[in-house]
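Below are the chains, spelled out letter by letter.
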Amino acid sequence: RKEVEQDPGPFNVPEGATVAFNCTYSNSASQSFFWYRQDCRKEPKLLMSVYSSGNEDGRFTAQLNRASQYISLLIRDSKLSDSATYLCVVIPNAGGTSYGKLTFGQGTILTVHP
Amino acid sequence: NAGVTQTPKFQVLKTGQSMTLQCAQDMNHNSMYWYRQDPGMGLRLIYYSASEGTTDKGEVPNGYNVSRLNKREFSLRLESAAPSQTSVYFCASSESGSYQPQHFGDGTRLSIL
């Protein structure tokens, strides 16, 4: 089983739609979780951190379910500019040999069309 | 705001040639990282430096060396390039602590013929 798994998509949605992505992780001791966004041929950029209580940033909502070991990202009122690859990122352990090591999912491709 | 700067942005090498990828950050971050990204493989960690003066291997270190020149700069060297090292290379940095998000440079596209 991969450490971090995502549905690769692609997800094709119309403008204004609500879309959700899930990501599962295998290491129950994982401590930190993030969603990154990567545009075609660009660098990954931090979209948002994921907190235990869930968090929201404008149209974006992130949730963490430790019992089931998954995180989710919900995008409401999709815009054309939301088209990108969304990367689920996990820091597997607390310090030690996993210090700061981000483990990336393969990414989920989202295309928002007019 | 420069953030993380990588040079060069593109490079073509012949098998067996050597080169150094440069990375500098101006955010006063302690930790720096080198990744490679290949189609279907996602991002994989090559080497990292938790703080100035330390470096450690990541997931795919073979064929690479690194130098943490000072707090700002972290270079990646290919001593004898191989076609399997054709990839997009990203440098990243983060604040102290192992749970901080990382900020990425815009990448170096490297082709080895």
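Higher on the page you've got the structure.
Every chain is numbered independently, its residues counted from 1 as its sequence is written. Note on labels: chains are lettered from A, ligands numbered from 1, in written order. Since the coordinates come from a predicted model, pLDDT governs what is reported: local features require at least 70, and pairs of side-chain atoms require 80 or more to be given and counted, while whole-chain, interface and lining totals use all residues. Only heavy atoms go into the side-chain values, all of them from the structure, while hydrogens and water stay out.

With that out of the way, let us pick up the sheet that holds strand 6 (residues 55–57) of chain A. Residues and elements named next belong to chain A. Here we have 5 strands laid out as an open sheet, ordered 1-3-8-7-6, and antiparallel in their pairing. This sheet does not close on itself; its edge strands, each paired only once, are strand 1 (4–6) and strand 6. Each neighbouring strand pair of the sheet contributes to a mean axis angle of 20°, computed without reference to strand direction. Here strand 1 pairs with strand 3 (residues 19–25) via 3 bridges, running antiparallel. If you follow Val4 over to strand 3, its bridge partner there is Tyr25. Two strands form a pair only when DSSP identifies at least two bridges running between them. By the criteria applied, helices consist of DSSP H or I runs no shorter than four residues and strands consist of E runs no shorter than two, each listed in order from the N terminus. Note on geometry: axes are C-alpha line fits, over the in-contact stretch for helices, and angles between N-to-C directions span 0 to 180 degrees.

Residues and elements named next belong to chain B. The 4 strands are arranged 1-3-8-7 in an open sheet whose pairing can be described as antiparallel. Pairing within the sheet leaves two strands with one partner each, and these edge strands are strand 1 (4–7) and strand 7 (64–68). Ignoring which end each strand starts from, the neighbouring axes of this sheet average 15° apart. One ladder, built from 5 bridges, connects strand 7 with strand 8 (residues 74–78); its direction is antiparallel. The partner of Arg68 across the bridge, within strand 8, is Phe74.

Turning next to the interface of chain B and chain A. Contact with chain B, which involves 24 residues of that partner, is made by 22 residues of chain A. Counting each side, the surface lost to burial between chain B and chain A is near 1800 Å², with a carbon and sulfur contribution of 56%. Any Lys or Arg side-chain nitrogen located within 4 Å of an Asp or Glu carboxyl oxygen qualifies as a salt bridge. Inspection of the chain B/chain A interface yields 0 salt bridges. Elements supplying a minimum of two residues to the side of chain B that touches chain A: strand 4 (31–38) and strand 5 (42–49) of chain B. Split by residue class, the side of chain B that touches chain A holds 11 nonpolar, 10 polar and 3 charged. In what follows, residue pairs with any heavy atoms lying within 4.5 Å of each other are defined as contacts. Here the quantity called buried area is the total loss of accessible area, with a 1.4 Å probe, experienced by two parts when brought into contact, counted for both. Gly falls in the polar group here, along with every residue not listed as nonpolar (Ala, Val, Leu, Ile, Met, Phe, Trp, Tyr, Cys, Pro) or charged (Asp, Glu, Lys, Arg).

Residues and elements named next belong to chain B. Positionally, Ser93 belongs in strand 9 (residues 87–94). Think of a polar contact as two N or O atoms within 3.5 Å of one another; within protein, one of them needs to be a possible hydrogen donor and the other a possible acceptor, and neighboring residues in sequence only count if both atoms come from side chains. Looking at Ser93, its side chain comes within polar contact range of the side chain of His29, at 2.8 Å. When neighbours within four sequence positions are excluded, Ser93 is seen to be in contact with Val4, Gln25, Met27, His29, Ser31, Met32, Tyr33, Pro101, Gln102 and His103.

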